[in-house]
Amino acid sequence: MLLLLSCSDKRQDERIVTPWGEITEDSIPTTDEFTMTDMVTNGELIMLTMSGPETYYDYRGRGMGMQYLLCEKFAQKLGVSVRVELCKDTLEMVSRLKRGDADIIAFLLPERIAGGDSLKACGVRIDSLKLSWAVQKTNTELADTLNRWFKPSMLVEIKKEEAFLLSARSVKRHVFSPMLNRAKGEISRYDKYFMTYAPTARLDWRLMAAQCYQESTFDPNARSWAGACGLMQIMPATADHLGLPRNKIYDPEANIEAAARYMNELMGYFHDIPSQNERIYFALACYNGGYHHIRDAMALAQKNGRNPKRWGDVADYVLKLREPAYYTDPVVKYGYMRGNETVDYVDRIRARWADYRGVARPGAIRKGGGVGVRTPQKAKRKYRFHV
C-alpha cells in the first residue's frame, strides 16, 4: 500500500511546461484506469468491436451496424465523439479492454466473459441469450450510467432506423425521367456540363450522365441522410478535399466538375489495371463503396485464383465481403461491406450507359426483303443505333 501511495503521489506531482513557460498538470492520466470522467474530459469514447453487419462497418464514409449506432447514441447523450477500434476476435477485445486501451466493448459477449474477473457486464444486453457489453470492473461510474441509459426497446428502434438509412427513402430528391428527349438524343438539362467536364477523367460524357442519374435522378437539390449533396451526391468532406466550396456544392456545374475530377483521381488509383474500361468500372465501385473495400475484394480474387484486374472477377468478391468467411479473411483489412449495393450500382450505370450510347431511332424500311421488313400480321420494329 505504501508503494502504491508513493507512486500515486509521484504521478500527482508530475508537471509539464508549455511552450510559453506556464507550468500545468498533465491532463492525460498515466494509470490504466481511464474513468468516465476522464473520457468526458477528453471528449472521446473509445469502443472495441469486430467488423460485421450487426456490429460495425463503413458505409459511404459513415459508421453503421447496430452496436455502433447504439454506442453512438450513448456517446451523444454524454456529449462526446466515438472512436472505433476493430479487433479480430473476442480474446483481443477482452485483453485490450483489460489493458485500458478503450472504454467499452460494444459487442454482445457471453456474460460469463463480460462479467469475468476484470470486466463488468453492463449496458446493452439480451437477457434471454445472456449477452451484454462490458467495461472494466473498476469503472463503476460508466457501468452505472450505461445501465441507466439502456432500454431493451432501443434494439428495435435502432434496427428500424438503420433499415431506413439503408433504403432509397433516406435520400431526399425528386425523381426525373432518365431521358429528357430520346428523339433528339437529349439525356438531361445538364448535358453540356457532362460534355465539358467528362474529358477531365477521360470519360464518355454519357457515362457521367448515367452515373448522375444513379446518384440523384438528375435532381440538383438531392441530399442523402449521410450528407451527400447535389447531382453527383458529393460528401462535404470530399468537397473539401476537391476544393469545392460548401456554398457551391448544390451548383450543378460546380458539382459535376468536382465529380469529374474525383473520378479522375479514383481511376488514377488503378494504374495497375491496363484496360481503360476496367479502370472505369473499378472507379465507379470506389465512388460508391470506397477504395479500401475494393482493394480487399481484389486481394481475395487474387488469393482464390481469379483475375484481380478484371471487374467481373472482383465483383464476385465484393459480394462475398458480406460473408464472415470472407470479411474475416487475413487478406481483408477493412472488414464487412454491403457489396450487393456496390455491384448493383456499377451494373445499373453500365446498363444505362449502354442505353444512352445507343439512342434508338426507327430504321429505314426497304420493300422486297432485307433489314427492317414488316409484315402486316407481325409488325416488328427494327432499329439502328446512333453513337
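First, a word on what this report is: a plain description of the structure on this page. (Residues numbered from 1 in each chain as written. Predicted model: local features only at pLDDT ≥ 70, side-chain atom pairs only at ≥ 80, totals over all residues. Heavy atoms only, no water.)

Let's shift gears to the pattern of salt bridges. On inspection of all chains with the given rule, the structure shows 22 salt bridges. Of the charged contacts in the structure, one is a salt bridge between Glu341 and Arg60, with a shortest N-O distance of 3.8 Å. Here Glu341 is found in helix H16 (residues 339–357), whereas its partner Arg60 is found in the loop between strand E4 (57–59) and strand E5 (62–64), with 281 residues between them in sequence. Salt-bridge contacts for Lys73 lead to Glu161; the nearest nitrogen and oxygen are separated by 3.5 Å. In this pair, Lys73 sits in helix H3 (residues 66–78) while Glu161 sits in helix H7 (residues 153–165), placing the two residues 88 residues apart along the sequence. Each member of the salt-bridge network shares a partner with another, and the members are Glu44, Arg83, Glu85, Glu92, Arg96, Arg99 and Asp101. (Salt bridge = Lys/Arg side-chain N within 4 Å of Asp/Glu carboxyl O. Helix = DSSP H or I, 4+ residues; strand = E, 2+ residues; numbered from the N terminus.)

This brings us to helix H9 (residues 205–216). Here H9 spans 16 Å end to end across twelve residues, near enough to the 16 Å set by a 1.5 Å rise per residue. Taking burial as the measure, the twelve residues of H9 include eleven buried ones, the bulk of the element. Within the span of H9, buried status applies to Trp205, Arg206, Leu207, Met208, Ala209, Ala210, Gln211, Cys212, Tyr213, Glu215 and Ser216. Buried-residue contacts for H9 involve helix H8 (191–197), helix H11 (252–268), helix H12 (276–289) and H16. The N-capping residue of H9, defined by a side-chain oxygen 3.0 Å from the backbone nitrogen of Arg206, is Asp204. Phi for Thr217, located one or two positions after H9, is positive at around 50 degrees. (Expected span 1.5 Å × (residues − 1). Buried < 20%, exposed > 50% of the residue type's maximum accessible area, 1.4 Å probe, protein only. Contact = heavy atoms within 4.5 Å. Polar contact = N/O pair within 3.5 Å; in protein donor to acceptor, adjacent residues only side chain to side chain.)

Worth remembering: the numbers are spatial, not functional.
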